[in-house]
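A closer look at the structure
As a plain string of letters, each chain reads:
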Amino acid sequence: MKHYLDLIPISARLHRKQTRMTRLCIVLSVFLITVIFSMADMEMQTQMVQAVKSYGKWHAGFVADEEQGALIAARPEVENIARYGVVNWGLEDGYQIEGIETCICGLDGNLLELFPDVAITEGSFAVKEDEAVLNEAIKSRLNVGVGDTITLSTPQGSMKEYRITGITKDTALEAEHDAFGMLITIEGFDALHTKDTDASQEIIYYVAFRPYCSIPGTIRDITEQLGMKPEEVRQNTKVLALMFQSRDPYMMQFYFVAAVLAVLVAVAGILMITASMNSNIARRTEFFGMMRCLGATGRQVMRYVKKEALGWCRSAIPAGVFAGMVVVWILCGMLRLLSPGLFDGMPVFGISVPGFMAGIVMGIVTVLLAARAPARRAAQVSPLTAVSGNAGTVHAVKRAANTHLFKVDTALGVHHASGSRKNFLLVTGSFAFSIILFLAFSTAIDFMHRAITPLRPQAPDFYAYDAGYANVIPAELCDRLKEYPGIKRVFGRGYAENVVSIDGQENRLTILSYDEQQFKWARKDLLEGNFADAVEGTGVLLAYRDNNPLHVGDRITITADGTEQELPVAGILKDVPFSYGADQNTGSEEVLVICSEELFAGLTGEDGYAVLDIQMEADIEEEEVLEIRKEIEQTCGTNISFSDRRISNREVKGASYSMAVFLYGFLGIIALIAFFNIINCIAMSVSARMREYGAMRAIGMSVRQVVRMVVGETLTYTLSGVALGCVIGLPINRILFRSLVTFRWGDAWELPVWELLVIVAVMLLSVCLAVAGPARQIREMTVVDTIGTQ
Amino acid sequence: MEILKVENLSKTYGKGEVRVEALKNASFSMERGEFGAVVGVSGSGKSTLLNCIGGLDEASAGKVYIGGRDLFAMGENERTIFRRQNIGFIFQSFHLIQELNVEQNIIFPLLLDYRKADQERVEEILEVLGLENRRKHLPGQLSGGQQQRVAIGRALITRPALVLADEPTGNLDSQSSQDVMDLLCKASRHYQQTILMITHNMDLTPSADRVFQVTDGKLNELRSVGE
């Protein structure tokens, strides 16, 4: 031993058990900070994965001529630049392959690098004017492949032949509209003379800038130099925002939330470590007094305490960071599991550098900040304390416990909690802090449920429909399709229009037929009335309209096939989630009637469907989808239209999952803070009073009575914390709910019963665990050693 | 009537080279109303003897009977309840409950039994202890001597068969020490309670009926009743 500070590792070895709680507090704080930052980073990564898939990797697009394009390309900030032009975007201008409207894009080959989702799955990009890359839809429907030739007819009446050099995946939009898409070179695009048609759009120069340059500044510079109008400049807002290169309000709000939460968690961590270190120092007051007795200066004692705290960091910080990373790995695994395909790009065992760094830096800073007060306290211990042995850790008592109201053990427990007003307010405040945080952030969940519409259970992955909404799809096709591999559910809807007289006024009426499954989904939307009558075919359901002329119990007289039929209105549905009618209008004001398939057949004489929805397994093969499509075409004819929504469904699912994992993860962390805080507080309080408990045991208090005393103390803190948390947290919840939700969607605030139940349950569970540890300690306590009799 | 009987009581700490025999085959008994004092130098084993007799510590060998009941034959919980009902403890550092006032501290063993205190008995004890005017005071508001008087009151409230006092005057000035000794004598004579007191102050032994000495864990009786 060469230095007085060398005593630290020796003391640490001997007092490992006593410092365990403090080390655990550091581990927890570092863990929480690492998780918060890693999760924020993970959310940014998932958002980036989705943004790149949906919008591409480009940063800015400029509508420019060749000269301007060359000037842009010459800038040092530009890493990648590619031209893009499109014709027949609306699929109605007469560019057709085999009579089918085709969207034609002219582009430079390197544009595909900026749009990774439009990857070439077979062959390569076109090089010559008369070469083209086709999408999957053309390949599968026209049964053509790389090396074959196709003919494009133009609205000018010319026919152009192209050799197929490659195949690309369908984009979400192409799949949804079942559209043909063809990619050709910019030279080939020019040769089409699209400029002479109304269907043409400008050539856009898509640009990806080099990392670490100021993108907004560069865009502004280019715009000013080339005298471009604002509408001639496009920005990939989401990607830029995720690169911290945008002031997009959503992302700014997101950064703000993460920053506030990180600060709050850091504060909670500082409080937790300070409390634990205070208690640790208080327990060793005699030791510090002894050091002062032997001649250590106050400054030396402070240095001792700080160095000791940093020593704990050596093992606690790596443990906290590692635990945080494991949690993030689990969350990443969950995302990959929940939304396979979309998050495949995310590494399972990746390390979030911001999370990692934040854990280490905040851990050290937190410990140093937390060590300041206890170090000062230790330095102020008078040498007399060591010799007098009067080094109490428990606050001075100002009033006696009330033994009339409770039994003596409970009364002492309550008094231990409430005896010192300052301590009571601090602990209760820290418990309430968790509830307030939980209630405040739970409004973000309400916001998420409304802002990001999750995929409805009835959403089809693929559907076939007749463009004129005629019921041409036979019902028995459903049963046949159900036998196909990769099919989860198949269900159809018949469609009919009618005119009825209500209160002397003619009203247009749309009738949809539901099968059993669709009725099951609709049950939760019933606002009023009787559901069973509609299912059994003795009544109909109406979709809710603001000025609905019909009510439950009213009768509608429908004339079909020359016969009149009276139908009672059995119930009103809040929402009908399917689009209907040729205009796909779901928000129509016309009267919408839902009835059973049997009743629909009776009314219209038709038992087929206008729309056939198919839900598929996630791992269905493309060939299997093609087979299904062929089966439908063979049965219903080639005039049937299709829409493949698998890609967009996956994107919707991915967005809601990643947001849900992020927000619920935050709430979980807040609950964890509450959990650890309660356990920590009680463990510290018990260890500070161990000598007192020993004396009580000597006088004749049983272990059960001591435990009851600890329970009394814990419950006093917890119940007061819950009460204070509710008193402050509920108004905050209400204010946030009103500004985030009511303001935008009009939903009225309701008491967040579930959120309260969850956090109170977490706190009560924490109480049970908080008492279990000390109870074991008390049971194993040796009375003689504890009271320190000679 | 025999209240306390100690038979071949031994206590050993540690094993092998660090094995320490703190108490070696101690045997003696005490009758009702007897006042015994145990003397010995620091580390001689006198506190170990008291802790074993009081059931605070397990003996390595031997038996302790209080009122005819074998203390070590009882389970932990039973022994705790037996202790609070039949043994009164007085410690050198008082060990009062800081959250309870004087009166509550005195009746604490009764409260642990969820019993109501006999108010007459409480008044009597407060009067004997000279604490009538301090009944609502907290321990922190009392002097050392007053605190020790409260501890004596707590030890006497259940009318225990045996009162064990571990250096009851160790933290007190001479006047307070004398007051405490007078109280213990009074308890022994007036209430016929058996008292065993540890002290290293030989000046306090004249008040005792019997004096024991512990040297290196061995117990010898220096003076018996009537000597």
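Residues numbered from 1 in each chain as written. Chains lettered and ligands numbered in written order. Predicted model: local features only at pLDDT ≥ 70, side-chain atom pairs only at ≥ 80, totals over all residues.

Turning our attention to the overall build of chain B. Counting secondary structure elements, chain B contains 7 helices and 10 strands. Counting the 227 residues in chain B, one finds 52% classified as buried. The long-range fraction of contacts in chain B, counting pairs at least 24 apart against all pairs at least 6 apart in sequence, stands at 70%. (Helix = DSSP H or I, 4+ residues; strand = E, 2+ residues; numbered from the N terminus. Buried ≥ 20, exposed ≤ 12 C-beta atoms within 10 Å, placed from the backbone. Contact = placed C-beta atoms within 7 Å.)

Once that is clear, we can look at the overall build of chain A. Helices and strands together make up the secondary structure of chain A, namely 26 helices and 22 strands. Every one of the 790 residues in chain A was classed for burial, and the buried ones make up 44%. Sequence-distant contacts in chain A: of pairs separated by 6 or more residues, those separated by 24 or more amount to 83%.

Residue and element names in this part refer to chain A. Across the interface, helix H12 (residues 298-338) lies against helix H22 (residues 646-688) with an axial gap of 10 Å and an inter-helix angle of 150 degrees. In terms of orientation, H12 lies roughly antiparallel with respect to H22. Remark: the crossing between H12 and H22 carries right-handed chirality. Each of Leu-331, Met-334, Leu-335 and Leu-338 in H12 lies in contact with H22, whose residues at this interface are Tyr-657, Ser-658, Val-661 and Gly-665. Across the contact of H12 with H22, the residue classes tally to 6 nonpolar, 2 polar and no charged. (Axes fitted to C-alpha atoms, helices over the stretch in contact; angles between N-to-C directions. Parallel < 35°, antiparallel > 145°, perpendicular 65-115°, else oblique. Left-handed = near helix turned anticlockwise from the far one by under 90°. Nonpolar A, V, L, I, M, F, W, Y, C, P; charged D, E, K, R; others polar.)

Next up on the list: the nonpolar core. All names here are of chain A. Ile-26 and Val-207 are the most contacted members of the largest nonpolar core, which totals 237 residues. Here the element with the most residues in this core is H22; it accounts for 20 residues. Setting aside residues up to four positions removed in sequence, Val-207 forms contacts with Trp-58, His-59, Ala-60, Phe-62, Ile-72, Val-78 and Ile-81. Counting 48 residues, the second largest nonpolar core, distinct from the first, contains Tyr-463, Val-540, Leu-542 and Leu-550. (Core = buried A, V, L, I, M, F, W, Y, C linked by C-beta atoms within 7 Å.)

Another aspect to go through is the packing of H22(A) against helix H25 (residues 753-780) of chain A. When two helices pack together, their arrangement is given by the angle between the helix axes and by the axis-to-axis distance. Residues and elements named next belong to chain A. Where H22 contacts H25, the two axes come as close as 9 Å, and the packing angle between them is 30 degrees. It follows that H22 is roughly parallel to H25 by the angle criterion. Seen along the crossing, H22 lies across H25 with a hand that is right-handed. Of the residues in H25, those in contact with Ala-671, Ala-674, Phe-675, Ile-678, Ile-679, Ile-682, Ala-683 and Val-686 of H22 are Ile-759, Val-762, Met-763, Ser-766, Val-767, Leu-769, Ala-770, Val-771, Gly-773, Pro-774 and Gln-777. Its residues assigned to classes, the contact of H22 with H25 shows 16 nonpolar, 3 polar and no charged.

This part covers unusual backbone geometry. The backbone phi angle of Glu98(A) is positive, close to 55 degrees, even though this residue is not glycine. Secondary-structure assignment places Glu98(A) in the loop between strand S3 (96-97) and strand S4 (100-107).

Where interface size is given, it is often the accessible area lost as the parts come together that is meant. Taken together, the contact pairs 26 residues of chain B with 25 residues of chain A. Of the residues contributing to the side of chain B that touches chain A, the split by class is 12 nonpolar, 9 polar and 5 charged.

Residue and element names in this part refer to chain A. Relative to the elements of secondary structure, Arg-744 occurs in helix H24 (residues 703-745). C-beta crowding within 10 Å serves as the criterion here: with 11 such atoms nearby, Arg-744 is assigned to the exposed category. Here the alpha-carbon distance between Arg-744 and Arg-450, two residues 294 residues apart in the chain, equals 9.4 Å.

Two pairing modes exist for strands in a sheet, parallel and antiparallel, and in both the strands are linked by backbone hydrogen bonds. All names here are of chain A. What the 4 strands build is an open sheet, ordered S13-S21-S12-S22; its pairing is antiparallel. Single-partner strands in this sheet number two, and they are strand S13 (487-493) and strand S22 (641-644). Recorded for the sheet is a direction-independent mean angle of 15 degrees between the axes of neighbouring strands. In this structure, strand S12 (residues 462-465) lies alongside S22, joined through 4 bridges in antiparallel fashion. Paired with Tyr-465 across the bridge in S22 is Ser-641. (Pairing = 2+ DSSP bridges.)

Before going further, it helps to spend a moment on the sheet that holds strand S5 (residues 69-70) of chain B. Residues and elements named next belong to chain B. Strands sit in the order S2-S1-S4-S5 across an open sheet of 4 strands; the sheet is antiparallel. Whereas interior strands pair on both sides, the edge strands pair on one side only; in this sheet they are strand S2 (20-31) and S5. Two elements, strand S1 (residues 2-13) and S2, share 8 bridges in a ladder whose sense is antiparallel. Within the sheet, the bridge partner assigned to Leu-9 lies in S2 and is Ala-26.

This part covers the pairing of strand S8 (residues 194-199) of chain B. Residue and element names in this part refer to chain B. In terms of burial, S8 is a largely internal element, 6 of the 6 residues being buried. Covered by surrounding structure in S8 are Thr-194, Leu-196 and Ile-198 together with Ile-195, Met-197 and Thr-199, the residues of both alternating faces. Judged from the 5 bridges that link them, strand S3 (residues 35-39) and S8 form a sheet pairing that is parallel. Directly across from Val-39, in S8, lies its bridge partner Thr-199. On the question of chirality, the crossover connecting strand S7 (residues 162-166) to the parallel S8 by way of helix H7 (residues 174-190) is right-handed. (Right-handed = clockwise from strand over helix to strand, strands pointing away.)

Quick look at the confidence of the model for chain B now. All names here are of chain B. Residues of chain B with pLDDT of at least 70 account for 99%, and the chain-wide mean is 89. Within chain B, the lowest mean pLDDT, 86, falls on H7, and the highest, 94, falls on strand S4 (residues 61-66). Predicted as a complex, the structure gets a pTM of 0.68 and an ipTM equal to 0.83. (pLDDT = per-residue confidence, 0-100.)

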